[in-house]
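Below are the chains, spelled out letter by letter.
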Amino acid sequence: AVVGLWKRTRRTLDALLTGSSMEPAIPSGSTVRLHCGEPVRAGDVAALVHDGHVLLHRVVAVCEPFLLTRGDALVIPDPPLRLDLVFARVEAVQHAGDWIAPGAHVGSPAQRLVLALCAFRMSSRWTRVLVAVLRRLLRRPAAPQVDIMA
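Keep in mind that this is a model prediction, so the values were computed, not measured.

Here we look at the overall build of the chain
Then step 1. Secondary structure summary: the chain contains three helices and nine strands in total.
Then step 2. Principal axes of the C-alpha set define a box for the chain whose edges measure 40 × 30 × 25 Å.
Then step 3. For the chain, the proportion of its 150 residues judged to be buried stands at 41%.
Then step 4. When contacts within the chain are restricted to residue pairs at least 6 apart in sequence, those whose partners lie at least 24 apart make up 59%.
Then step 5. Put simply, the chain shows about 8,000 Å² of open surface, and 59% of that area lies on carbon and sulfur atoms.
Then step 6. Treating the 18 positive side-chain charges of the chain as one cloud and the 12 negative ones as another, the clouds have centres 8 Å apart.

Side note on the confidence of the model for the chain
Then step 1. Mean pLDDT over the chain works out to 86, with 90% of the residues at or above the 70 mark.
Then step 2. Mean pLDDT in the chain bottoms out at strand β9 (residues 145–148), which sits at 68, and peaks at strand β2 (residues 31–36), which reaches 96.

Comments concerning the packing of aromatic side chains
Then step 1. Inspection of the entire model under this criterion finds one aromatic pair.
Then step 2. Between W6 and F87 the ring centres are 6.3 Å apart and the planes differ by 45°, which places this aromatic pair in the tilted class. Taken together, the residues W6 in helix α1 (residues 2–9) and F87 in strand β7 (residues 86–95) connect sequence positions 81 residues apart.
Then step 3. Between R33 and the ring centre of W99, over which it is positioned, the NZ or CZ distance is 3.9 Å.

Considerations on the pairing of strand β3 (residues 45–50)
Then step 1. As paired elements, β3 and strand β4 (residues 53–63) share six bridges and run antiparallel to each other. When the bridges of β4 are listed, L48 appears paired with L55.

A short note on the side chain of S21
Then step 1. On the secondary structure map, S21 appears in the loop between β1 (12–18) and β2.
Then step 2. By relative accessible area, S21 is classed as buried at 4%.
Then step 3. A distance of 3.1 Å separates polar atoms of two side chains, one belonging to S21 and the other to H57.

Side note on the pattern of salt bridges
Then step 1. A full pass over the atoms with the stated rule returns five salt bridges.
Then step 2. Between R10 and E38 there is a salt bridge, with the nearest N and O atoms lying 3.5 Å from each other. Residue R10 is found in the loop between α1 and β1, and its partner E38 is found in the loop between β2 and β3; the two are separated by 28 residues along the sequence.
Then step 3. Connected via shared salt-bridge partners are R10, E38 and R89.

A few points about the environment of L130
Then step 1. Of note, L130 is situated in helix α3 (residues 124–138).
Then step 2. For the pair formed by L130 and V106, sequence separation is 24 residues and the distance between their alpha carbons is 22 Å.
Then step 3. Excluding its chain neighbours within four sequence positions, the residues that come into contact with L130 are V114, L117 and C118.

What to know about the nonpolar core
Then step 1. Counting 17 residues, the largest nonpolar core has I26, V32, L34, L56, F87 and V90 as the members making the most contacts within it.
Then step 2. Elements represented by at least two residues in this core include exactly β1, β2, β3, β4 and β7.
Then step 3. Among the elements that line this core, the one with the most residues is β7, at four residues.
Then step 4. Those residues within four positions of V90 in sequence are excluded, and the remaining contacts are V32, R33, L34, V45, L56 and P102.
Then step 5. One finds A46, V59, V62 and V86 within the second-largest nonpolar core, a separate group that totals ten residues.

Here's the deal with a nonpolar patch on the surface
Then step 1. Side chains of W126, V129, V133, L137 and L138 sit close together on the surface and give an oily, nonpolar patch of about 510 Å² of accessible area.
Then step 2. Secondary-structure assignment places V129 in helix α3.
Then step 3. Residue classification places V129 among the partly exposed residues on the basis of a relative accessible area of 45%.

What counts, and at which threshold
- Residues numbered from 1 in each chain as written.
- Predicted model: local features only at pLDDT ≥ 70, side-chain atom pairs only at ≥ 80, totals over all residues.
- Heavy atoms only, no water.
- Helix = DSSP H or I, 4+ residues; strand = E, 2+ residues; numbered from the N terminus.
- Buried < 20%, exposed > 50% of the residue type's maximum accessible area, 1.4 Å probe, protein only.
- Contact = heavy atoms within 4.5 Å.
- Areas by Shrake-Rupley, 256 points an atom, 1.4 Å probe, with all protein chains shown as cover.
- Lys, Arg positive; Asp, Glu negative; His and termini not counted.
- Charge placed at Lys NZ, Arg CZ, Asp CG, Glu CD.
- pLDDT = per-residue confidence, 0-100.
- Phe/Tyr/Trp six-rings, centres within 6.5 Å; stacked < 30°, edge-to-face > 60°.
- Lys NZ or Arg CZ within 6 Å of the ring centre and 35° of its normal.
- Pairing = 2+ DSSP bridges.
- Polar contact = N/O pair within 3.5 Å; in protein donor to acceptor, adjacent residues only side chain to side chain.
- Salt bridge = Lys/Arg side-chain N within 4 Å of Asp/Glu carboxyl O.
- Core = buried A, V, L, I, M, F, W, Y, C linked by side-chain atoms within 4.5 Å.
- Patch = residues over 30% accessible without salt bridge, like charges linked within 9 Å, V, L, I, M, F, W, Y side chains within 5 Å.

Here is the structure:
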């Protein structure tokens, strides 16, 4: 409920990221500035609520009403998620006392291959099945958690 309020009021807030899946663009322990209610597009880092947790991952594709996200350090993307789960876009990352925009990410050859196999824009169902199979094969680490600072 509170996330919905932040989204509707376009609140800006700072959060502490824990987890390594967004490295090197956003190292674990970094403070990020979230701009709630902002639309996201491919290349943005999005904050979303999934399975009761706030996650930060890069948007790799949007095909309404779904989006495909992935941590920069991971090969396998998350399963397709509903676009309405996104509540904010990462506006900046605090680095040495300064706020800087999150860096762009150029996917590795393995990341680009997996995305090509997903064929997300043609079939979110196929993407969901492929991601589930790849996760079982590779035993993917958990996504980073975010602690909201009040």
